[in-house]
Amino acid sequence: MLAQLRPAIVLMLLFTLLLGLAYPLAITGIGQAAFPAQANGSRIERDGVLIGSSLIGQNFAGAGYFHPRPSAADYNAASSGASNLGPTSMALRNAIVERSAALALDMPVPADAVTTSGSGLDPHISPAFARTQVARIATARALPPEQVAALLAATIEHPVLGLIGEPQVNVLRLNLALDAMAPPAS
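Identification of the protein as Potassium-transporting ATPase KdpC subunit from Devosia limi DSM 17137 is taken from an unreviewed UniProt entry. The heading Sequence similarities (unreviewed entry) in the UniProt record of the protein holds the text "Belongs to the KdpC family." Listed under Subunit (unreviewed entry) in UniProt, the entry text for the protein is "The system is composed of three essential subunits: KdpA, KdpB and KdpC."

Here's what the structure looks like:
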């Protein structure tokens, strides 16, 4: 019986060390060497202080900031998730109507302004949604709307190779650029 168990135990220990220890360490080392910023969470720091990640949405509620899309997870990375409301859900319809009314726009409302993302933590908004916020931010910061619009245009992330994805704006990076351009009024 020991003759049959010994090879099984040795192989289990060997593959545990190989696949449970050596492979993860090798992949972590390659990730740290080739993509250190991404491997460490795409952290964004200002003056040596961690203020967020370019991959996780944050709530900006002030009038002088660009607002992110709504979050079903209340911007809590520990409870990431969608609302799971389907297109025929009355609760989803009511939430969209409420959010649309709160925006009080005199133009078509972009979809990402009134719907949550799949993770509830999407750090990006569409350029269309960002453009709807330019006037409010310009007024709150006493800036010309053209200056805020120019900053927005400069921070739009375009599709990879012009083919993969949609134009998008990282809200945290945009708000940091806005603060660098003109700090918010106290």
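Engineer: Give a description of the pattern of salt bridges that names residues and reports values.
Structural biologist: Overall, the coordinates contain three salt bridges when judged by the stated rule. With its nearest N and O atoms 3.7 Å apart, the salt bridge here joins arginine 69 to aspartate 122. Here the residue arginine 69 occupies a position in the loop between strand E2 (49–53) and helix H3 (90–103), and aspartate 122 occupies one in the loop between helix H4 (111–114) and strand E3 (124–125), the gap between them amounting to 53 residues. The partner of arginine 141 in a salt bridge is aspartate 179, with the nearest N and O atoms 2.8 Å apart. Taken together, the residues arginine 141 in helix H6 (residues 134–141) and aspartate 179 in helix H8 (residues 171–181) connect sequence positions 38 residues apart. One salt-bridge network, held together by shared partners, links Arg46, Arg141 and Asp179.

Engineer: Describe the pairing of E2, listing the residues and the values that go with them.
Structural biologist: Two elements, strand E1 (residues 43–46) and E2, share four bridges in a ladder whose sense is antiparallel. Among the inter-strand pairings, arginine 46 is bridged to a residue of E2, identified as valine 49.

Engineer: Got a sec to walk through the sheet that holds strand E4 (residues 156–157)? Specific residues and values, please.
Structural biologist: Ordered by their spatial adjacency, three strands build an open sheet running E3-E5-E4, and the pairing between neighbours is antiparallel. Each edge of the open sheet carries a strand with a single partner, namely E3 and E4. Where E3 and strand E5 (residues 168–170) come together, two bridges link them in antiparallel fashion. Across the sheet, the residue bridging to isoleucine 125 is valine 169, located in E5. The sheet strands contacting H8 are E3 and E5, and the helix crosses E5 at an angle near 65 degrees.

Engineer: Break down the domain arrangement of the protein for me, with residues and values.
Structural biologist: The domains assigned to the protein are domain 1 (9–37) and domain 2 (42–181). Just the C-alpha atoms count here: the centres of domain 1 and domain 2 sit 37 Å apart.

Engineer: Tell me about the nonpolar core, residues and numbers included.
Structural biologist: Ranked by size, the top nonpolar core spans 24 residues in total, and within it Phe66, Ile125, Ala130, Val148, Leu152, Val169 and Leu174 carry the most contacts. Sorting the residues of this core by element identifies H4, helix H5 (127–131), H6, helix H7 (145–155) and H8 as the ones contributing at least two each. Looking at this core, the element that brings in the most residues is H8, giving five residues.

Parameters and conventions
Along each chain, the written sequence defines residue order, and numbers are assigned to residues from 1. Note on the predicted model: pLDDT of at least 70 is required for a residue's local features to be given, and 80 or more for side-chain atom pairs to be given and counted; whole-chain, interface and lining totals, by contrast, use all residues. Side-chain metrics in this entry use all non-hydrogen atoms of the structure; hydrogen atoms and water are not considered. UniProt positions are given in the numbering used here, feature names are shortened, and annotations may be inferred rather than shown by experiment. A side-chain nitrogen of Lys or Arg and a carboxyl oxygen of Asp or Glu constitute a salt bridge if their distance falls within 4 Å. The secondary structure listing takes helices from DSSP runs of H or I that are at least 4 residues long and strands from runs of E that are at least 2 residues long, numbered from the N terminus. For two strands to pair, DSSP has to find at least two bridges joining them. Any pair of residues with heavy atoms lying within 4.5 Å of one another is described as a contacting pair. Convention adopted: a line fitted to C-alpha atoms gives each axis, helices being fitted over their contacting stretch, and angles between N-to-C directions are expressed from 0 to 180 degrees. All domain edges in this entry derive from an automatic or database-based domain assignment. Grouping buried Ala, Val, Leu, Ile, Met, Phe, Trp, Tyr and Cys residues that are joined through side-chain atoms within 4.5 Å yields what is termed a nonpolar core. Relative accessible area decides the class of each residue, using a 1.4 Å probe on protein chains only: under 20% of the type maximum gives buried, over 50% gives exposed, and in between gives partly exposed.

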